[in-house]
Each structure stands twice: as C-alpha cells, then as structure tokens.
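Understanding the architecture of this molecule
Take a look at the letters that make up each chain.
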Amino acid sequence: MASPTAKKEETSAMTPHQKFKGHTDFVQGVIHLPGGQRIITCSEDGSLRVWNLKSGKQIGEDWRGGEGGVCCIALSPDGKKMVSGSEDGAVRLWDIDTCKVIGKWMGHTQRVLSVCWSRDSRSVLSGSPDGTARQWEVESRETILEPIKTGHTYMYAVVYSPDMSMIATGGYDGPRRAGEHIECSIKIWNTKTGELVATLKGHTWVVGCLAWTNDGKTLISGSSDSSIRTWNTKTWKQTTLLEAHTRWVRAIAISPNDRILASASHDQTVLLWNLDDGQLIGPPLQHANYVYCVSFSVDGKLLATGCQDKNVYTWDVAAIVQEAGLDGLLSDPKANKLALHASATRPPVQRPPSTHRIAQGFFDGVPPDRSHSSARSHPHSSVPPGSTFLGRLFYRNCSTSGAYTTPLSTPLDWVRNILKRRARRDEDIQLQGRSLAVVEAPYAKGKRRNACAREKRKRPFPSKNPMASRSRPPKPSVTQPSSQPQTANSSSTTPAVGNVVAIAVTSTPLRPDATIRQAGLWTRFWLFLGCLSPEYTVNHQ
C-alpha cells in the first residue's frame, strides 16, 4: 500500500498536455511554428519532424538534409525559414513551406551545438565546440566578418543580443581534469568588430545555455553546476542566483512577455520560474529521462519539451500558473500600462443635448405635482416627437440619425394664433369698458387636461341680468378647501355668466386641468386635435 506521502507527491505532479512519439533517438530541439497549430523537432536520429499540436500526430514525412544527428534548430523571426546545426559541422537553411534545404554553410570543424537568428532575419549565428562563433548572411549565403575565436576550450552556447549589437558565448575555458572544477565564463563580443566587451564569471562548471530577455536588459545563463544566474547587461554584474535543479541545466527559455523562465535539466525535470521575484511556479514537470530542450509558444501559454526518452511533450503553462494563483504572469505589464495610460488620457464622452420639445413657458405658474406625474401611464419625457399624428404633422424637421430639430411650430401655437385672429376679426363682440382677465380653471378630477388653459378670456355671452353684472366687481370668489370640488352653479361662488368667467382655487396644488366654457366650433376642433397627443391624454375609466 502506497504511503500518504507518496500519494501526495503523485497527485501534485503535473501531467503532460500531449505526447509526441516517433523519433528513434533522443530529441535535442523543439520550436513552435507560426499559427500555433504545429511544432517541429530535431533529433539525434538525423531527422526533423512536424507535429500537429492538437492530435499529437506527425504531419508529412521526415525532413532530412544530411548525415548524422541534428543538434539544434532555430526559427527566423518572420517565421518563413529555419536553420539547423548538425553533427557534420554544417549549418543548413530550410524553407518552412517546401520543407527543403535552400542553403548550407560550412566552416565549423566540429558539430554545431547552437544556432541563433538576428532579429531582422538577415543573419544567422552559430557556435561549435571548435571554439568559434560564426555569422552568416542569409541573402548572399556569405560569411560576415571573420570567425570569432572565443577562447573557450569547448563552446556550447551562442546568442545575439536583441539589438544585435552584441554576441554572448558560453562554455568552459580550461582543460578538464577529473575531480577538479574547470574555469568557466560567459563572454560578450561586439557584433560588428568581433572584439571582446566583457567576461562574466560566477559559474563553477560548464555554461551550457544562454538567453537574453526581449528588452536586452538581462542575460540569463544555465550551467552544469546546476545553477541559473541572471546578469545586468549595463554593469555586467550578477543579479540573481536561482538554485533548485540537482544536475546540469541543459536548456532555458524565456516567455514572450519576459516574466516566466523555463529550465530543462538532466535531473529529469523542467522548472518554471517567476522572473519578477525569482521564485518557483508550481511543482517540477517530471520526465522519464534527461531533458534536452524547451520552448514556449508565441502566446506563452504552452511549453514544449524534448527528452532523451525519444519523445516530445507539451505542458499547459496557463493551467500551471493559474493553479499557483499567478494568473497575472501571462499578461504583458507594458501592455497593461499602455491601456491604463490610454484610459486616463481619453477625452470625456460628450453627452448630446436634450431633445425635449416642450413649448417654452408652457408650465409657467403651474405648481409641481410629483404624485400625479408618477401615476401617469405616459410621462411626457418618454414620448418622442413624431410618435403621434399631430407630432408627425408638426415635427417635420428630422436628421438622418433620428434626432429631431426645433419644430416649426406647436399645436398650442396654432390654436392660440387662430383664436387671436378670430378675436381681431370679430370686433363687434369685444367687451367694452372691461379689461381682459386670465382664465384660471379649476382642477376637475377625471376630465381631460386642456392644452389652452392659459388662454385669455373668450367671447362672453350676453348677461341675463345687466344690473347684477354692473354691481359686482370683476373679482374672483375663493372657495374654502373641501373634499369635493365646487361646481360652477354654486350660488355663493358663481358670478353672473355675462360678467366674468368663474374662478375656483383649491388649497392643495393638484393637477392644473383647465376647461374653456362655451368654446366655439373652431376652438373645439383645434383643441380636439391638440388633445390627441399623448402629452395631454389622461386614462379614463
């Protein structure tokens, strides 16, 4: 029976996302191809193979271009070409679309263990245990400058700086003696002149892999002393020492956003490191044998590893990071800062002006009645111009966007103008010796609101009792508040019909509905049209 400790270790171990089986010897290189659907691998069996990431199946036939094993591969930044370094000392240029060799450089006297592209895809850098670093021009297939004699007794790694101004090389420098540490170093060279710029010392055994961060500020190295070190490229001083592996760190890779480091080791594990604080992310990714290569996908969410067991594995980095509670490591801090800056500098949204078309001064002198307005089934503010027959008649100016402009006139204006013209024409019915009074009609519950409640007094009808009308001043009678509205025929509050229109004022400022008595035919017609609009309609039971 397995112990609780063993069960815990088993459940905490990460499992591969996919397995790719087909090589007949150990896998020494792996890269992600453009599109995020394929990877390509190279092996000691002398072949390069393309794989479907989703199914794990090989795509097409093996790529072969020479005798002996293929030690390393690198994809051009434009994704169109690839270079490989082989046991025969050749550097081969491959076309991704045709899967064929389109160029070959010879010059190294030993196998090529490291290759690297310049960021502009115009040149290739290669390194060999023969102690030289060579630059090759892709277009002309010629050598750039003379080979750089690094002084390394055995050189394992070579890499361009992001701006291509420098080259870093790593290996060991002195003779190897059993049981003794050998002198090891990282050397920095000027790309154009081939001159030595700096020598970095700290590792106590062979420097087997190098990687530069995308911003060029940090150089990272892995060694057979089982350590990983980071270096400041301005001062060339060591900044961080990462120790967790127990054997040779054979390969390293940095995520596209420069925040996660993956390291492959002969201790049969791959470790993920948080470059922000130098801490491990999750448990080790266990393999069956030595791990020789490691590579991130373009988005940094998938990791591919090549093993001495002849297989290739992919790992879900996004899931590992999420399980560790470090989801933010997959984001780009520069992009986040740019997004925040853009949000902070964005001009405020300009709100369009209100398009309500209530006639100016229409509600002047009307006390607000919130309880009434909230109870209405069709509030005025929610009715757009042109939603009724009368609205479509008067609101004819409309933009293509649907926003109405200032109307030519309103129904109230039409009614008012017509009534004024009638008053001018009918001079024989004007009141003589009396001033016109403003009609203030009482609120009558359940009756229609009159749009012309503020009309001036209309044509009076002849009084049946002229003497009574002369004896009474044109002063309105005010009723005391009561639960029921006063009627117009009350003997105590209603003056003679011929003298003045009756006025009743309630103490509670409720809805100011109005009626005009004895309205003429034309007045009734225009008021009828005006009251068709939902602004002046009240639900009746």
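Criteria and cut-off values
Residues numbered from 1 in each chain as written. Predicted model: local features only at pLDDT ≥ 70, side-chain atom pairs only at ≥ 80, totals over all residues. Heavy atoms only, no water. Helix = DSSP H or I, 4+ residues; strand = E, 2+ residues; numbered from the N terminus. Buried < 20%, exposed > 50% of the residue type's maximum accessible area, 1.4 Å probe, protein only. Contact = heavy atoms within 4.5 Å. Phe/Tyr/Trp six-rings, centres within 6.5 Å; stacked < 30°, edge-to-face > 60°. Lys NZ or Arg CZ within 6 Å of the ring centre and 35° of its normal. Pairing = 2+ DSSP bridges. Axes fitted to C-alpha atoms, helices over the stretch in contact; angles between N-to-C directions. Salt bridge = Lys/Arg side-chain N within 4 Å of Asp/Glu carboxyl O.

We now examine the overall build of the protein chain. For the protein chain, the helix and strand inventory stands at eight helices and 29 strands. For the protein chain, buried positions account for 43% of its 541 residues. Contacts in the protein chain between residues far apart in sequence, at least 24 positions, make up 47% of those at least 6 positions apart.

As a further point, take the packing of aromatic side chains. According to the stated counting rule, one finds nine aromatic pairs in the structure shown. Taken together, Y154, Y156, Y172 and W248 form an aromatic cluster joined through their ring pairs. A cation over an aromatic ring shows up here: R250 above the ring of W248, its NZ or CZ 5.0 Å from the ring centre.

Moving on: the environment of E139. Counting through the fold element by element, E139 comes out in the loop between strand 12 (132–137) and strand 13 (143–149). Look at E139 and you get exposed, because its relative accessible area is 71%. The spatial distance from the C-alpha of E139 to the C-alpha of S121 is 9.8 Å, given a sequence separation of 18 residues.

In the sheet, strand 20 (residues 227–232) pairs with strand 21 (residues 238–243) via five bridges, with the strands oriented antiparallel. For R229, the partnering residue across the bridge sits in strand 21 and is L241. The turn linking strand 20 back onto strand 21 is made up of five residues, and W236 within it adopts a positive phi angle of 60°.

Taken in spatial order, the four strands make up an open sheet running 6-7-8-9, and their pairing is antiparallel. Two strands close off the open sheet at either side, each with one partner strand: strand 6 (70–75) and strand 9 (100–105). Put simply, the sheet's adjacent strands are angled 25° from each other on average, direction ignored. Of the strand pairs in this sheet, strand 7 (residues 81–86) and strand 8 (residues 91–95) are connected by five bridges, and their pairing is antiparallel. Each residue of the ladder has a partner; that of M82, found in strand 8, is W94.

Counted under the stated rule, the structure contains eight salt bridges. Between K201 and E183 there is a salt bridge, with its nearest N and O atoms 3.2 Å apart. One end of the pair, K201, is in the loop between strand 17 (196–200) and strand 18 (207–212); the other, E183, is in the loop between strand 15 (166–172) and strand 16 (184–190), and 18 residues separate them in sequence. R259 is paired through a salt bridge with D276; the nearest N and O atoms lie 2.6 Å apart. Of the two residues, R259 sits in the loop between strand 22 (249–254) and strand 23 (260–265) while D276 sits in the loop between strand 24 (269–274) and strand 25 (279–280), which places them 17 residues apart along the sequence. Bridged by salt links that share partners, the residues D45, R49, D62 and R64 form one connected network.

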